[in-house]
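# Reading the structure
One letter stands for each residue in the lines below.
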Amino acid sequence: MQNIKDKIISFEKQLAPECKELIEHWSSKEKLYTDEDYNYTVRNKTLKIKTHTESLSHSQIPKISTPRYTAWGDLLHWQLQENVPGEFPYTAGIYPFKREGEDPTRMFAGEGGPERTNKRFHYVSLGQPAKRLSTAFDSVTLYGEDPHTRPDIYGKIGNSGVSIATLDDAKKLYSGFDLCSPTTSVSMTINGPAAILLGFFMNAAIDQQCEKYIIANGLETEVEKKINALYQHKNMERPRYHGDLPQGNDGLGLMLLGVTGSEVLPLDVYEKIKRESMASVRGTVQADILKEDQAQNTCIFSTEFALRLMGDIQHYFIINKIRNFYSVSISGYHIAEAGANPITQLALTLSNGFTYVEYYLSRGMHIDDFAPNLSFFFSNGVDPEYAVIGRVARRIWAKAIKHKYNGNERSQMLKYHIQTSGRSLHAQEIDFNDIRTTLQALYAIYDNCNSLHTNAYDEAITTPTEESVRRAMAIQLIINRELGLTKNENPIQGSFIIEEMTDLVEAAVYAEFMSINERGGVLGAMETMYQRNKIQEESLYYETLKHNGEFPIIGVNTFLSSKGSPTVIPQEVIRSTEEEKQYQIATLKAFQKRNEQEAPALLQKLQQTAIANENIFEVLMDACKVCSLGQISNALYAVGGQYRRNM
Amino acid sequence: MQQIEKYQPQNKIRIVTAASLFDGHDAAINVMRRLIQGTGCEVIHLGHNRSVDEVVNCAIQEDAQAIAMTSYQGGHIEYFKYMFDLLKEKGSSHIKIFAGGGGVILPTEIKELETYGIAKIYSPDDGRIMGLQGMINDLVAKSDYETLTELKNHLQILKEKNPKIIAETITIAENHPENFDKTKLLKPSTTIPVLGITGTGGAGKSSLVDELVRRYLADFSDKTLAIISVDPSKRKTGGALLGDRIRMNSINNPRVYMRSLATRQANLALSKYVQESIDICRAADFDMIIVETSGIGQSDTEITDHCDVSLYVMTSEFGAASQLEKIDMLDFADLVAINKFDKKGSLDALRDVRKQYKRNHNLFEANDESLPVFATIASQFNDPGMNNLYKAIMDKICTKTNAPLQSKAELTLEQSKKIFVIPPDRVRYLAEIVENNKRYDQWAKKQSEIAQKLYQLKGTLEILNKEEDEARH
């Protein structure tokens, strides 16, 4: 007996205090989820949440289901590697509960000129309490150039995305959405020239708030006079929103079209509004240049310079307390779309993420000042590993940030957006695509993704229609609101296979990290195009198995219809009109003409700042007021170098 | 699946491959260009995001029979019609345009483009019916023709520097030497220096040349430049990948002419016709000529027969210092660049190469800085080492040839120093993260085992206590 007591004392000494606490407090923790209400605080606000929902059969469905373990070993291990959602290592999710009353649904648009996309944004968000706008840009914008009559540029203006070349374009694009409202968030899919588009966006948000200030202080007439005087002086016509405002657009953001708040308000007032606006904008700019070099190729600047721009943005965010805007969306989506398997997608993306961490640290930024500004973006296909991609990502990130980088809880939480796999959609039997998307969305929702985009079934062949987008949206809504098991928020925890898959994928990611490490880290590996070649090999493997039928795809290589499931060819695709293209060129020319006096000095200042190694984004914020996208890109090429293609 | 046999070309076919402007989808064109090369063609690959102007200029300068492109980003109607028009405008309508864009290019648009004059747009159905090699066979067969075979008034008008005329003259010298008499070439009006650049494969020669070109164009606002770049042919297929242009950002300039040559004999570093090409560019009165050769490596001294000033480009990865004794170019080169100077061991390499250079040239007393051995990082924008190398090259050219090419660039004392994104002492970060996370996992496992033992012991103690209690009552 004494022997046993001695052993207990000796083992108790070996048990870490935090582990002891986890064991001792387990029953009280469990009770939190069985009590009727759960209280917790977010940003100093106490929230009360019902822990159960009732089914039609009057069953009480727990939001969080807890393990039935009683033995300490299992209980401790579960808490150290799984834990309830909202607690380290955040395997099951980063928040204790899902947000109520807000589906993680993004509203996607981007076609033609800013007016057409603005109309579309208002159409898809009409009546929705939260406006989560996702912006797709045309390829001219993606490559940092201005619209032009040259045919090889001309044909691409406003196609598969919106054409945005100036601050005025950005103001029109988001007009009628209060960019500083807590219920608005904007995501911009832009990488090469991300800093410039972000500059347009920030200025648009600031000028909206200036407009609100002008109205609140009854300064409309005075400001109107000032603007008219400015334009009379330049002998030019004021720009305006082309066409009628769509339903839902109250015109916010259009009062100062063609000028900026700094031209019509006293400097101190403007500066104050600027600070406050920037601190309150919400959204994401993709700006992930590493994955561009590895998979997607919309690089315009030399990689070093592009990274420096990212660092400058983050540094600017820290100084200006921009906390609710993600300075980068570290993306695996394009890596997966280029053909990588889910493990490679996850490993490359996380390794890119840690590269940004190391780079920002080396620039003297503190982990807790920037880690909360990082977000992730993954693809969800149908492979088994996709069932756990979020779990593994959160767990690896949390362990590293907590123990290696000593980051706080907020820094440890990995937030990610999921888009269902575009590559898994096929041009044959396109009706089947919604079934694939549904399954992928289910993976994502069960895995507690922070936001989700479901693809439309016809995306494999054309630009989605209103009908197909509505169906895609319905997929999410049906899972979130109709599917009973989703009332529970940790439905996959505790499953043997899920736990085994999680361990397996985690180990595979570490193995890949070591491969990249051997090549000198992410940048070293990029020099020999390691990532690119790996993606290509995996793509080829999939294509081979798809081609020889070993990898069955229903309606594509098996289960063909009596007609052989032919490729569906769209009758018509949505393309931008002549009028829109001409209009974009005309407004750009007017903008450049209007600012021809001011622009050269700012472009020069931008170059000097770059050479002097100071923060480029700071000057960019001013340059964006009077310079077009192409002007800024070209000025920066001269001091930062253009991207050099590889083979 | 039945194997489709490769088409056998009758002529020397040169094809330019690229992906459209503002279009990063390069997976398909990369597959295609490999197959085209495998089918015996010389492929000049430009990579993604190329404007019509760039592609057309390249095709004309290279005297290609065809252009093969992919376009997945829309705007293909305008793009290809513009390409067709521009070729026509420049008198090169014979250059055929082939393209593909998966489902993005609609059947009606394919019809429209083919009616306009585009040779062929391959649809996904073409791919399914013909197979990949079948599609490539079709493309190569349609491109299997000779461009110009006999000179007209080419030699008289070379000095106008019309790229098409120069390109045709080089082709005739290369394909029909019987129709080319180099003695008929007109004499250039001044001394035209030839800079020869050679070095090991993977030393970053094309980037380095591009950086020299960029500086040259900025240094002289009116001087012209011709570049002749030689890559090896594959002995087995006769095809070649002429890949220097993909790395070059500065060459699409009216003052620059570039021509890629395949060795057409696998054992040579230089094309048999490199001297003819140089002579033609000389007769065209370019202010300077750069000849860059394939990286065969250590016995690459052939180039010195063709140039006035030679530059040897290497990296620190040559192995032991004694390996340097085998490199002939260290005897012959006027200048040596140790590129990729951010690579490990570069400082040692610089020291060893300097030593070897001193030995080779009996310069034992010379101080290190005076030696023409340069540390460069061509991939880094505005690299000080590259600035110094450029200046030294131009100075050498002036002193050796008296060419009127005095550089206005200033020599700096600055050394190439890599501006590191990740500091060198942090480069193991991924391994550290793995170690860190695995340490946590082990700790979690151990702690859980301890907790389990405690649970078992406490349970046992409880049972024993209970039994003892019961025994007492």
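Our subject is the structure that appears above.
Right, let's walk through the structure included here. In this text, all values refer to a predicted model and were calculated from it rather than measured experimentally.

### Notes on the overall build of chain B
The helix and strand inventory of chain B stands at 13 helices and 13 strands. Over its C-alpha trace chain B gives a radius of gyration of 30 Å, far above what one expects of a compact globule, namely 23 Å for 473 residues. Overall, the C-alpha framework of chain B stretches about 125 × 75 × 40 Å when taken along its three principal axes. Put simply, 77% of the contacts in chain B that link residues at least 6 apart link residues at least 24 apart. Total accessible area on chain B stands at roughly 20,300 Å², and carbon and sulfur atoms take up 50% of it. Of the side-chain charges in chain B, 60 are positive and 65 negative, and the distance between the mean point of each set is 2 Å.

### Notes on the overall build of chain A
A tally of regular secondary structure across chain A gives 28 helices and 13 strands. Dimensions of chain A, computed from the C-alpha atoms along their principal axes, are close to 100 × 65 × 55 Å. When burial is assessed residue by residue, chain A has 58% of its 647 residues classed as buried. With an accessible surface of roughly 26,200 Å², chain A has 53% of that area assigned to carbon and sulfur atoms. Within chain A, one finds 67 positive and 79 negative side-chain charges whose respective centroids are separated by 3 Å.

### Comments concerning the interface of chain A and chain B
How big an interface is tends to be stated in terms of accessible area lost as the parts join. The interface of chain A with chain B comprises 81 residues on the first partner and 81 residues on the second. In this assembly, chain A packs against chain B so that about 7,100 Å² is buried in total across both faces, 63% of it on carbon and sulfur atoms. When the buried area of chain A at its contact with chain B is split by residue, Arg-644, Arg-645 and Met-647 of chain A rank highest and sum to 13% of it. Summed over the shared surface of chain A and chain B, the number is 10 salt bridges. In this structure, the connection of chain A to chain B is made through 37 residue pairs in polar contact (both at pLDDT 80 or more).

### Topic: the sheet that holds strand E1 (residues 14-19) of chain B
Residues and elements named next belong to chain B. If you walk across this open sheet you meet the six strands as E5-E4-E3-E1-E2-E8, and the pairing is parallel. At either end of the open sheet lies a strand with only one pairing partner, and these are strand E5 (120-122) and strand E8 (240-242). Between one strand axis and the next, the sheet turns through 20 degrees on average, direction left out of account. Pairing between strand E2 (residues 42-45) and E8: three bridges, direction parallel. Counterpart to Val-43 in the pairing with E8 is Leu-241. Against the sheet, helix H5 (residues 124-142) touches E1, strand E3 (66-70), strand E4 (96-100) and E5, its axis set at about 145 degrees to E5.

### Thoughts on a nonpolar patch on the surface
Residue and element names in this part refer to chain A. The grouping of Val-382, Ile-435 and Leu-439 at the surface amounts to a nonpolar patch, some 260 Å² of accessible area in total. In this structure, Val-382 sits in the loop between strand E11 (374-380) and helix H18 (389-404). On the accessibility criterion, Val-382 (39% relative accessible area) is partly exposed.

### A closer look at the sheet that holds strand E11 (residues 309-314) of chain B
Note: strands within a sheet are paired through backbone hydrogen bonds, in either parallel or antiparallel orientation. Residue and element names in this part refer to chain B. The sheet built from seven strands is open, its strands ordered E9-E7-E10-E6-E11-E12-E13 with parallel pairing. Of all strands in the sheet, those bounded by a partner on one side alone are strand E9 (256-262) and strand E13 (373-375). Here the strands of the sheet are splayed against their neighbours by 20 degrees on average, with no regard to which way each runs. Bridging between E11 and strand E12 (residues 335-338) involves four bridges; their strand directions are parallel. By the bridge assignment for E12, Leu-311 is matched with Leu-335.

### Considering the side chain of His-426 of chain A
Residue and element names in this part refer to chain A. Here His-426 lies in the loop between strand E12 (416-420) and helix H20 (433-446). The buried category is assigned to His-426, whose relative accessible area is 6%. Polar side-chain contacts of His-426 include one of 3.3 Å to the backbone oxygen of Ser-424. Not counting residues within four places of it along the chain, the set of residues in contact with His-426 comprises Asn-433, Arg-436, Ala-460, Tyr-542, Lys-546, Ile-553 and Val-556.

### Section: the pairing of strand E1 (residues 37-42) of chain A
Residues and elements named next belong to chain A. Alignment of E1 against strand E2 (residues 45-50), held across six bridges, turns out to be antiparallel. Looking at E2, one finds that Asn-39 is bridged to Lys-48. Counting the residues between successive antiparallel strands, the hairpin from E1 to E2 contains two residues, one of them, Arg-43, with a positive phi of roughly 45 degrees.

### Remarks on a positive patch on the surface
Among the surface-exposed residues, Arg-43, Lys-45, Lys-321, Arg-323 and Arg-410 of chain A lie close enough to one another that they form a single positively charged patch. Positionally, Arg-410 of chain A belongs in helix H19 (residues 409-412).

### Observations concerning the state of the cysteines
All names here are of chain B. Inspection of every chain in the model, using the stated rule, returns zero disulfides over all chains. No disulfide involves Cys-41; its sulfur sits 15 Å from the nearest other cysteine sulfur, which is in Cys-58. A relative accessible area of 0% places Cys-41 in the buried class. Between Cys-281, a free cysteine, and Cys-307, which holds the nearest cysteine sulfur, the sulfur-to-sulfur gap is 15 Å.

### Re the side chain of Ser-250 of chain B
Locating Ser-250 of chain B in the fold gives a position in the loop between E8 and E9. Beyond its immediate chain neighbours, meaning those up to four positions away, Ser-250 of chain B contacts Asp-210, Val-213, Arg-214 and Leu-217 of chain B.

### Examining the packing of aromatic side chains
Residue and element names in this part refer to chain A. Enumeration according to the criterion identifies 34 aromatic pairs over all chains in this entry. Here the aromatic rings of Phe-354 and Trp-397 are separated by 4.8 Å at their centres, their planes lie at 25 degrees, and the arrangement is stacked. Taken together, the residues Phe-354 in helix H16 (residues 342-362) and Trp-397 in helix H18 connect sequence positions 43 residues apart. With relative accessibility at 1%, the residue Trp-397 sits in the buried group.

### Some details on the packing of helix H13 (residues 289-296) of chain A against helix H24 (residues 530-548) of chain A
All names here are of chain A. Here H13 crosses H24 at 50 degrees, and the two axes come no closer than 8 Å. In this view, H13 runs oblique relative to H24, as classed from their interaxial angle. H24 is crossed by H13, and the crossing has right-handed handedness. Of H24, the residues touching H13 (which contributes Glu-292, Asp-293, Gln-294 and Ala-295) are Gln-531, Arg-532 and Ile-535.

Thresholds applied
- Residues numbered from 1 in each chain as written.
- Chains lettered and ligands numbered in written order.
- Predicted model: local features only at pLDDT ≥ 70, side-chain atom pairs only at ≥ 80, totals over all residues.
- Heavy atoms only, no water.
- Helix = DSSP H or I, 4+ residues; strand = E, 2+ residues; numbered from the N terminus.
- Rg over C-alpha atoms; globule rule 2.2 N^0.38 Å.
- Contact = heavy atoms within 4.5 Å.
- Areas by Shrake-Rupley, 256 points an atom, 1.4 Å probe, with all protein chains shown as cover.
- Lys, Arg positive; Asp, Glu negative; His and termini not counted.
- Charge placed at Lys NZ, Arg CZ, Asp CG, Glu CD.
- Buried < 20%, exposed > 50% of the residue type's maximum accessible area, 1.4 Å probe, protein only.
- Buried area = accessible area lost by both parts, 1.4 Å probe.
- Salt bridge = Lys/Arg side-chain N within 4 Å of Asp/Glu carboxyl O.
- Polar contact = N/O pair within 3.5 Å; in protein donor to acceptor, adjacent residues only side chain to side chain.
- Pairing = 2+ DSSP bridges.
- Axes fitted to C-alpha atoms, helices over the stretch in contact; angles between N-to-C directions.
- Patch = residues over 30% accessible without salt bridge, like charges linked within 9 Å, V, L, I, M, F, W, Y side chains within 5 Å.
- Disulfide = S-S within 2.5 Å.
- Phe/Tyr/Trp six-rings, centres within 6.5 Å; stacked < 30°, edge-to-face > 60°.
- Parallel < 35°, antiparallel > 145°, perpendicular 65-115°, else oblique.
- Left-handed = near helix turned anticlockwise from the far one by under 90°.

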